[in-house]
Amino acid sequence: MTEIIDIVKGYILEEFLPGENPDELGETTSLITGGILDSLATIKLVAFLEERFGIAIQAHEADTEHMDTLLDIAKLVQSKR
Amino acid sequence: MAATALFSTLEASAARLPDSIAVEEGGSAAAAPGSITYRELVRLSDRVRDRLRRLGVQPGDRVGIHLRKSIDSVAAIFGILKAGAAYVPVDPGAPAGRNAYILADCSVRTALVEERAAGPLRAELERLGAGPPLIELDTVGGGNGLRAALDRADADDPAPPGTSACPRPGDLAYILYTSGSTGKPKGVMLSHENAMSFVNWCSEILAVTASDRCSSHAPFHFDLSILDLYVSLKHGATLVLIGEEIGKEPMGLAGLIARHRLTVWYSAPSILSLLCQYGNLERHDLSALRLVLFAGEVFPVKHLRALQRLLPAPRYFNLYGPTETNVCTYYEIPGRVPDERTEPYPIGTACAHVQTRVVDPDGATLPAGQEGELCVTGAGVMQGYWNLPESTARAFLVDADGLRWYRTGDIVVEMPSGPYAFVGRRDRMVKRRGYRVELGEIESGLYRHPAVREAAVVALADAEAGVRIKAFLACREGARPSLIALKGFCAATLPGYMIPDLFAFADSLPKTSTDKIDYQRLQELP
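Because the structure is predicted, anything quoted here is derived from the model rather than measured.

A word on the overall build of chain A. A tally of helices and strands in chain A yields 4 helices and 0 strands. Across chain A, helices and strands are ordered from the amino to the carboxyl terminus as α-α-α-α. Relative to the 2.2 N^0.38 estimate, which gives 12 Å for 81 residues, the radius of gyration of chain A is 11 Å and therefore close to what a compact globule would have. Projected onto its principal axes, the C-alpha coordinates of chain A cover approximately 30 × 25 × 20 Å.

Below is the structure:
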């Protein structure tokens, strides 16, 4: 889990929060409802996760219920590996 | 008289095709879609009308709608119109404070609200000194939430069945709030005649029939919804509702278009760009599509070309017009986009129900070939902005014959072959995902943050996203918030499409000699 979180966190910081202090992005920081990931960013993140972890994410999973925090995302990825 | 009422579209089709499906809810592959026949939709909207009357709603009143897109919200719209009132749809995903401002601004008599949103909305309304009674729905979907709410109300206090109002052509049908440069959204007032003149023009051009299956992609607080709702229902077609969540989701959307065998698609270009990049269109059978309509922003040619390669059969139309006029010019893309073409397609020529002309800054008409501001007059043009007589006066140019011409703020040029080409804006409004965004409204939002001393926002062209919004901030010493905190603050106060993509910080922002923010020099900052 920690490994997945670190990889996803690195990607989000680099792509969507350039210049942000990594300590500010916690495991439970709201990504979608917190305005960090908009719809285009969410699509790019899904494409990244599918490629990086060799998994398939369904359309209905790319939402606030499954992907709003690093922890949610790690659980989603873990469940598919 | 009755044929001028916007709800006559539904009534006429219901008389002709009572058992046809009027509205279908397009969900995920797993969920069974809810649907409703024309006969049932008339009945359900009649019940809404009667309940509203019982609550004291009079012709000329406003009634708010804070519901996710559903059969319930469609029935609510028609019920409000039948009561002779104007509907005011708000974005159920927007912050409660913004929605309460809108509903208080036009002093709605009541509003239909989903229970999950009612608490915060009521609190914000009370803070503004407004307390209209809210009609609460436990949930929405299939019309069931609305039926249950009406049943509950009837059990306490039955609403006697009445007849529908007979609105005059100039009576308000709906108010759509758009971004305002002063930081407050402003209400665009549209009448039955405004909408019907446009709907009737669509009938001529699009030739929709009862066998069509039309998309409803845009939310109801967005003016693209007028074509979706009333053109589809006027012709006895089936309207397929696409909810906010799946609407943003290109991977799910292609499957939805195929599954529901959509024949008419209408949306902002941004989702079409995403569909051809991420939608795996080649894996789905979209052969039923005969019309692809887009409006709201410039469609980048490379994405349009890619879309046409994947979907060669439909006719493609670029529709143009601000909320104040709805569609006022149109252009059919002739054949395939050539490989070498890079410039965007024109916005086209005036629709038959309006007239257009291009003027210089003094309002004098310019000849073809010269750049100027596009002005529009005729049956489609709004009544004005709610409660903003000065903004309304500024929005119009009155000619020697007393005709009111709406100034679009869009700079265009009439091409030698006849259609208008879009050149740019004369102010600080940009289009993002089809929504109009006043950069000034984002700045006002940022100034509400206690740490922000100065804020300035610019729009940057972006090949992928169309436009990216960058905010420059000067913060109080030692109080600079993190990017995450800033984005979270924006998400709580602004609609999602207004949240800046990028933030930059400076000790102070560059000023002109008159001490205004110097937007030119701002662009040079890192």
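All names here are of chain B. Spatially, the 3 strands line up as an open sheet ordered S24-S25-S26, and their pairing is mixed. The strands lining the two open edges of the sheet, one partner per strand, are strand S24 (452-462) and strand S26 (502-505). Averaged over all pairs of adjacent strands, the angle between strand axes in this sheet comes to 25 degrees, irrespective of strand direction. Sheet topology places S24 next to strand S25 (residues 466-475); 10 bridges connect them, and they run antiparallel. The residue of S25 that forms the bridge with Glu 454 is Ala 474.

It is worth spelling out unusual backbone geometry at this point. Residues and elements named next belong to chain B. Backbone geometry at Ala 207 places phi at a positive 45 degrees, although glycine is not the residue there. Assignment of secondary structure puts Ala 207 in the loop between helix H7 (192-206) and strand S9 (213-216). Overall, Ala 207 belongs to the exposed group, with 11 C-beta atoms counted inside 10 Å.

Reading the values: the criteria
Residues numbered from 1 in each chain as written. Chains lettered and ligands numbered in written order. Predicted model: local features only at pLDDT ≥ 70, side-chain atom pairs only at ≥ 80, totals over all residues. Helix = DSSP H or I, 4+ residues; strand = E, 2+ residues; numbered from the N terminus. Rg over C-alpha atoms; globule rule 2.2 N^0.38 Å. Pairing = 2+ DSSP bridges. Axes fitted to C-alpha atoms, helices over the stretch in contact; angles between N-to-C directions. Buried ≥ 20, exposed ≤ 12 C-beta atoms within 10 Å, placed from the backbone.

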